Amino acid sequence: MAAELLSGRKASMQRTTSESDVYVELDLDGTGTSKISTGVPFYDHMLDALSRHSLMDLTVQATGDIHVDVHHTVEDVAITLGEVFKVALGDKRGIRRYGEATIPMDEALARAVVDLSGRPYFLHEGESEAQVYHLIGGHFTGAMTRHVFESFTHHAAINVHVDLLRGRDPHHIVEVQFKALARALRQAIEQDPRVEGIPSTKGAL
């Protein structure tokens, strides 16, 4: 199971385990079009928001043992998305590399900062313990938000910081973080016409 470059900055991957069967296709140079089906409606909504606000085209088709718990399917989609993102980036020639976004959603406010560094590191702060245990949409626990971002970050081999600055409604708290990450990624993956080669003193990312 390995991600495959399809063309340009478009990649896909089929990941099958005893717990889930996941297909992800991602085009970094898309228009924010998505086709998402994970069996977890709220997660579908979050992935749609990630696609729409990053302008990455995203297809996700996943089935899994959600009769046990949604954890395996949610995590495995995030893992697969990270692997596909890494391959779609290629050698990162000409990209902006860094991205930052602070996004409001009614009473909630979140900030995401990313570095497409090739070095996986994730930091997440600001959520209350109550948010961690809150069940959203009947399936998605608040604790899964951090787990999705962490799994994606490590498999994409990037550096991501997400901070919830304020928020009250559990739905808004999750969604504003996905939107902030989407906007930060959109900025970081963009081609910068002033950048020649790979944006690193090392000559590689």
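By convention here, each chain's residues receive numbers from 1 onward along its written sequence. Given that this is a predicted model, residues contribute local features only at a pLDDT of at least 70 and side-chain atom pairs are listed and counted only at 80 or more, while totals for whole chains, interfaces and linings are drawn from all residues. Side-chain figures throughout are based on the complete set of non-hydrogen atoms in the structure, without hydrogens or water.

- As annotated in an unreviewed UniProt entry, the chain is Imidazoleglycerol-phosphate dehydratase from Enteractinococcus fodinae.
- UniProt positions are given in the numbering used here, feature names are shortened, and annotations may be inferred rather than shown by experiment. Turning to the chain, the UniProt annotation filed under Catalytic activity (unreviewed entry) states: "D-erythro-1-(imidazol-4-yl)glycerol 3-phosphate = 3-(imidazol-4-yl)-2-oxopropyl phosphate + H2O".

Describing helix H2 (residues 71-89)
Because the α-helix completes a turn every 3.6 residues, residues three or four places apart line up on one side.
Link 1 in the chain: Taking 1.5 Å per residue, 19 residues should reach 27 Å; H2 reaches 27 Å between its end C-alpha atoms and fits that length.
Link 2 in the chain: Where H2 ends, the next residue or the one after it, Gly90, has phi of about 65°, a positive value. A run of H or I in DSSP becomes a helix once it reaches four residues, and a run of E becomes a strand once it reaches two; helices and strands are each numbered from the N terminus. To estimate the expected span of a helix, subtract one from its residue number and multiply by 1.5 Å.

What to know about unusual backbone geometry
Link 1 in the chain: Here the phi dihedral of Lys92 falls at roughly 70°; this positive angle occurs in a residue that is not glycine.
Link 2 in the chain: Following the sequence through the fold, Lys92 ends up in the loop between H2 and strand E6 (98-105).
Link 3 in the chain: By relative accessible area, which is 7% here, Lys92 ends up buried.
Link 4 in the chain: One non-glycine residue, Ala157, lies in the positive phi region at around 60°. Relative accessibility under 20% of the residue-type maximum defines a buried residue, over 50% an exposed one, and the middle range a partly exposed one, all with a 1.4 Å probe and only protein chains included.

Some remarks on the pairing of E6
Link 1 in the chain: Across the two faces of E6 the burial differs, with Gly99, Ala101, Ile103 and Met105 buried and Tyr98, Glu100, Thr102 and Pro104 not buried at all.
Link 2 in the chain: Following DSSP output, two strands are said to pair if at least two bridges run between them. Here E6 pairs with strand E7 (residues 108-115) via eight bridges, running antiparallel. From the neighbouring strand, Pro104 faces E7, where its bridge partner is Leu109.
Link 3 in the chain: Where E6 folds back onto E7 in an antiparallel hairpin, the turn is made up of two residues, including Asp106, whose phi is positive at roughly 55°.

Things to note about the packing of helix H4 (residues 143-156) against helix H5 (residues 170-189)
Link 1 in the chain: Helix axes use the C-alpha atoms of the stretch in contact, all axes being lines fitted to C-alpha atoms, and the angles between their N-to-C directions lie in the range 0 to 180 degrees. Their axes nearest at 10 Å, the elements H4 and H5 cross at an angle of 20°. The angle between H4 and H5 places the two elements in the roughly parallel class. The two elements H4 and H5 meet at a crossing, and its hand is right-handed. Only Val174, Gln177, Phe178, Leu181 and Leu185 of H5 make contact with H4, whose side of the interface consists of Thr145, Val148, Phe149 and Phe152.
Link 2 in the chain: Side-chain classes are defined by residue name, with Ala, Val, Leu, Ile, Met, Phe, Trp, Tyr, Cys and Pro counting as nonpolar, Asp, Glu, Lys and Arg as charged, and the others, Gly among them, as polar. Per-class residue counts for the contact of H4 with H5 are seven nonpolar, two polar and no charged. Note that the term roughly parallel is reserved for angles under 35 degrees, roughly antiparallel for angles over 145, roughly perpendicular for angles of 65 to 115, and oblique for everything else. Put simply, a crossing is left-handed when the front helix is turned counterclockwise from the back one by less than a right angle, and right-handed when it is turned clockwise. Residues count as neighbours in contact if any of their non-hydrogen atoms are within 4.5 Å of one another.

Concerning the nonpolar core
Link 1 in the chain: The term nonpolar core refers to a set of buried residues drawn from Ala, Val, Leu, Ile, Met, Phe, Trp, Tyr and Cys, joined through side-chain atoms within 4.5 Å. Counting 59 residues, the largest nonpolar core has Tyr43, Leu47, Phe85, Leu116 and Leu185 as the members making the most contacts within it.
Link 2 in the chain: If you tally residues by element for this core, the top one is H5, at eleven residues.
Link 3 in the chain: Sequence-distant contacts of Tyr43, defined by excluding residues within four places in its chain, comprise Thr38, Val74, Val77, Ala78, Phe140 and Val148.

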